[in-house]
Amino acid sequence: MTIARPRGTNDILPGESEQWQVLEEAIHRICQAYGYREIRTPIFEHTELFERGIGETTDIVSKEMYTFSDRGQRSLTLRPEGTAPVVRSFLEHKLYGQALPTKLYYVGPMFRYERPQAGRYRQFYQFGVEAFGSGDPALDVEIIAMPIQVYKELGLETFEVCINTIGCPDCRPAYREALRSHLADSKSQLCRSCQTKYDRSPMRILDCKEATCQELTKDAPLILDYLCSGCRDHFAEVKRYLELLEVDFVHDPRLVRGFDYYTKTVFEIKVESLGAQDAVGGGGRYDRLVEEMGGPPTAGVGYGVGMERVLLALQQQAGDALKPSGMDGFLAQFGGATKEQAVVLAHRLRALGLKVDLDYLDRSLKAQMKAANRSGARWVMIIGQEELENNQARIRWMYDGTEEAVDFDTAAQYLAAKGKEPITQ
RNA sequence: GUGGGUAUAGCUCAGUUGGUUAGAGCGCCAGGUUGUGGCCCUGGAGGUCGCCGGUUCAAGUCCGGUUACUCACCCCA
């Protein structure tokens, strides 16, 4: 073996790259339909940005970042998520000084040092959106509806939308205390990681998969009973708007999510058939993050979607929608002057926007026909000595094998017009 | 970071209790048609059996190590 790709990375080869293009097209189109505009931030940032933005205690920051020093001894990190860089850019360019809310989306690679498995890679692609400057629950719902529309338009129908609220810094402390006191006596029975969560972020114990932890939290107090009136009203409004939009959802009181910065609404969208890594998207509200990062108090809400996971789910659920379209035509020739004519006509056809190819290996007509068939060409233009003498190309329609003669001068225009007609067979 | 599974042709995989020139299907190339694709037939190219070491007269096969892939845990998209 020669040099292989780094662990957890993928080459996206022809055949699959077309699927990515379909997905990316839908993302751009739908984000723009909702009034979001694309932002492109650097692939790497100062390490400090993620330490402050995501939270030093999270797994991502404590053990999953690709961090390195550049030649100027700056500590830089390949971005592990999209929100912190967008917030940084929002502040750096003082976008809060313009008309609010600011609605942004991004598409691109993220990097986390983890053991790869199905649906999880070290370099993976996310698209996400962030909306700054409004605390309106209708905006939370817009944010939830957007990825759902992307899934549906691509043909992904089977997924589950889970929502929850995790309160705000005013009401959450009381709930955390209630949770701690509920678990105080049984703390020693919790799994190892949950024992450390007990002090640091007890709510994360709620989504532990250990059977004993689940059992111990079964009758734990619910945050709904501890919400301040603002958070309670907000959550009720979110649910009401979701119902108005006829978005099916389940309220999962155990959904808490990993980042420290979330407030109020959190949500996650799952596809069961994906295996252990079943979340195709997730997000929530983060009304304090912008201020914590040194900006003016600014509400925010956003989500991130794992594009590999969407494609995996799509490959399971939507088969044909992702098939790449083939070539329009192929020009077969016999070398010498016939090749010159083919090269000229191919050039003209391509200038007219048709997808055409020709042989560059001096192969037999039979081999050229085979290549044409394989490329998906609808027609083959055959240019031999006889055609040259008559100044006419022979056009063979591949779906039924019929042939016709067309003047070289008009062939390109003729095929360009024909190319727009639907294939009947 | 922890655990399980796997590693033979471009791809998907066979390969007997260790035994001579390691096979199939698909794909690729050529021919069957001195200028015609798909179906069919014939032929061909293509492999340091992941890597290193050990046992043995003999290792693709057994043993040890190692690397990669893969699934799961943790966590997340």
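Here the structure is a predicted model, which means the values were calculated and not measured. (Residues numbered from 1 in each chain as written. Chains lettered and ligands numbered in written order. Predicted model: local features only at pLDDT ≥ 70, side-chain atom pairs only at ≥ 80, totals over all residues. Heavy atoms only, no water.)

1. Overview of the overall build of chain A
The following threshold applies: We count a stretch as a helix when DSSP gives it H or I for four or more residues in a row; a strand needs E for two or more, and each element gets its number in order from the N terminus. Our radius of gyration is a C-alpha quantity, and the globule rule it is checked against amounts to 2.2 Å times the number of residues to the power 0.38. Burial classes: relative accessible area under 20% of the type maximum marks a residue as buried, over 50% as exposed, and values in between as partly exposed (1.4 Å probe, protein chains only). The contact criterion used is simple: two residues touch if any of their non-hydrogen atoms lie within 4.5 Å. Note on areas: Shrake-Rupley, 1.4 Å probe, and residue coverage restricted to the protein chains presented here. By the counting scheme adopted, Arg and Lys are positive, Glu and Asp are negative, and His together with the chain ends is not counted. A single reference atom marks each charge: NZ on Lys, CZ on Arg, CG on Asp, CD on Glu.
If you tally the helices and strands in chain A, you get 15 helices and 16 strands. The C-alpha radius of gyration of chain A comes to 28 Å, more than 25% above the 22 Å expected for a compact globule of 425 residues. With respect to the principal axes defined by its C-alpha atoms, chain A has extents near 95 × 55 × 50 Å. Here chain A holds 425 residues, and the buried ones make up 48% of them. Looking at chain A alone, contacts between residues at least 24 apart form 69% of all its contacts between residues at least 6 apart. Accessible surface, chain A: about 21,600 Å² in total, of which carbon and sulfur atoms supply 48%. Averaging the positions of the 52 positive and the 61 negative side-chain charges in chain A gives two centres separated by 4 Å.

2. A few points about the domain arrangement of chain A
Rules: Each domain's limits were defined by an automated method or a database of domain assignments.
Domain annotation for chain A reports domain 1 (17-171 + 227-321) and domain 2 (329-416). For domain 1 versus domain 2, the separation of C-alpha centres amounts to 49 Å.

3. What to know about the side chain of Thr77
What counts, and what does not: For this analysis, a polar contact is any N or O atom pair within 3.5 Å, provided that within protein one partner can donate a hydrogen and the other can accept it, and provided that sequence-adjacent residues contribute only side-chain to side-chain pairs.
For Thr77, the position within the fold is in strand β4 (residues 75-78). On the basis of relative accessibility, which here comes to 0%, the residue Thr77 falls in the buried class. Only 2.8 Å separates the side chain of Thr77 from the side chain of Thr67, close enough to count as a polar contact. The residues touching Thr77, leaving out its near neighbours within four places in the chain, are Ile43, Phe44, Glu45, Thr47, Phe50, Met65, Tyr66, Thr67 and Phe68.

4. Examining the sheet that holds strand β6 (residues 123-132)
Stated formally: Two strands form a pair only when DSSP identifies at least two bridges running between them. Orientation is described by lines fitted to C-alpha atoms, with helices fitted over the stretch in contact, and by angles between N-to-C directions that extend from 0 to 180 degrees.
Here we have eight strands laid out as an open sheet, ordered β1-β5-β6-β11-β10-β9-β7-β8, and mixed in their pairing. The open sheet is flanked by β1 (37-38) and β8 (250-251), the only strands paired with a single partner. The pairing of strand β7 (residues 160-165) with β8 spans two bridges and is classified as parallel. Bridge pairing in β8 links Cys162 to Val250. On the sheet, helix α9 (residues 229-244) packs against β7, β8, β9 (263-270) and β10 (279-285) and is oriented at approximately 160 degrees with respect to β7.

5. Some details on the packing of aromatic side chains
Here a ring pair, both rings aromatic, is described through the centre-centre distance and the interplanar angle of the planes. Spelled out, the test is: Stacked, edge-to-face and tilted are the three classes for Phe, Tyr and Trp ring pairs, Trp counted by its six-membered ring, which pair at centre distances within 6.5 Å; planes under 30 degrees apart are stacked, over 60 edge-to-face, the rest tilted. The rule is short: NZ of Lys or CZ of Arg within 6 Å of the ring centre and within 35 degrees of the ring normal puts a charge over the ring.
Under the criterion given, the structure shown has 13 aromatic pairs. Measuring from centroid to centroid gives 5.2 Å for Trp20 and Tyr125, while their planes differ by 70 degrees, and the two rings are edge-to-face. Residue Trp20 is found in helix α1 (residues 17-33), and its partner Tyr125 is found in strand β6; the two are separated by 105 residues along the sequence. A relative accessible area of 5% places Trp20 in the buried class. Classification of Tyr125 by relative accessible area gives partly exposed; the value is 24%. Taking the centre distance of 6.2 Å and the plane angle of 75 degrees together, the rings of Phe44 and Phe68 count as edge-to-face. Taken as a pair, Phe44 in strand β2 (residues 44-46) and Phe68 in strand β3 (residues 66-69) lie far apart in primary sequence, 24 residues in all. According to the relative accessible area criterion, Phe44 is partly exposed, its value standing at 43%. A relative accessible area of 35% means that Phe68 is categorised as partly exposed. Grouping aromatic residues by their ring pairs yields a cluster made of Phe90, Tyr96, Phe132, Tyr261, Tyr262 and Tyr286. When the ring centre of Tyr241 is taken as reference, the NZ or CZ atom of Arg240 above it lies at 5.3 Å.

6. A closer look at the environment of Ile269
Relative to the elements of secondary structure, Ile269 occurs in strand β9. Considering only alpha carbons, one finds Ile269 and Phe159, 110 residues apart in sequence, at a separation of 6.7 Å. In contact with Ile269, other than residues within four places in its own chain, are Pro147, Ile148, Tyr151, Phe159, Glu160, Val161, Asp278, Ala279, Val280 and Gly281.

7. Quick word on the protein's contact with RNA strand B
Under the convention used in this document: Here, proximity means that at least one heavy atom of the residue falls within 4 Å of the molecule or strand. The nonpolar class holds Ala, Val, Leu, Ile, Met, Phe, Trp, Tyr, Cys and Pro. Asp, Glu, Lys and Arg form the charged class, and all remaining residues, Gly among them, are polar.
Of all residues adjacent to RNA strand B, which total 48 residues, the nearest are Arg112, Arg120, Ala279, Arg374 and Met398. If you look at RNA strand B and keep only atoms within 4 Å of the protein, 46% of those are sugar or phosphate atoms. Contacts to RNA strand B include Asn373, whose side-chain N or O atom sits 3.2 Å from a base nitrogen. Elements with a minimum of two residues in the surface near RNA strand B: β6, α7 (192-200), β10, β11 (300-306), α13 (365-375), α14 (385-390) and β15 (392-397). For the surface near RNA strand B, the element with the most residues is α13, which contributes seven residues. The class makeup of the residues in the surface near RNA strand B is 13 nonpolar, 14 polar and 21 charged.

8. Overview of the pattern of salt bridges
To be explicit about the condition: A pair is scored as a salt bridge if a Lys or Arg side-chain nitrogen falls within 4 Å of a carboxyl oxygen belonging to Asp or Glu.
According to the stated counting rule, one finds 22 salt bridges in the structure shown. For Asp359, the salt bridge is made with Arg363, and the minimal N-O distance between the two is 3.1 Å. In this structure Asp359 comes out as buried when scored by relative accessible area, which is 3%. Via salt bridges that share partners, Asp140, Lys264, Arg285 and Asp287 belong to a single interconnected network.

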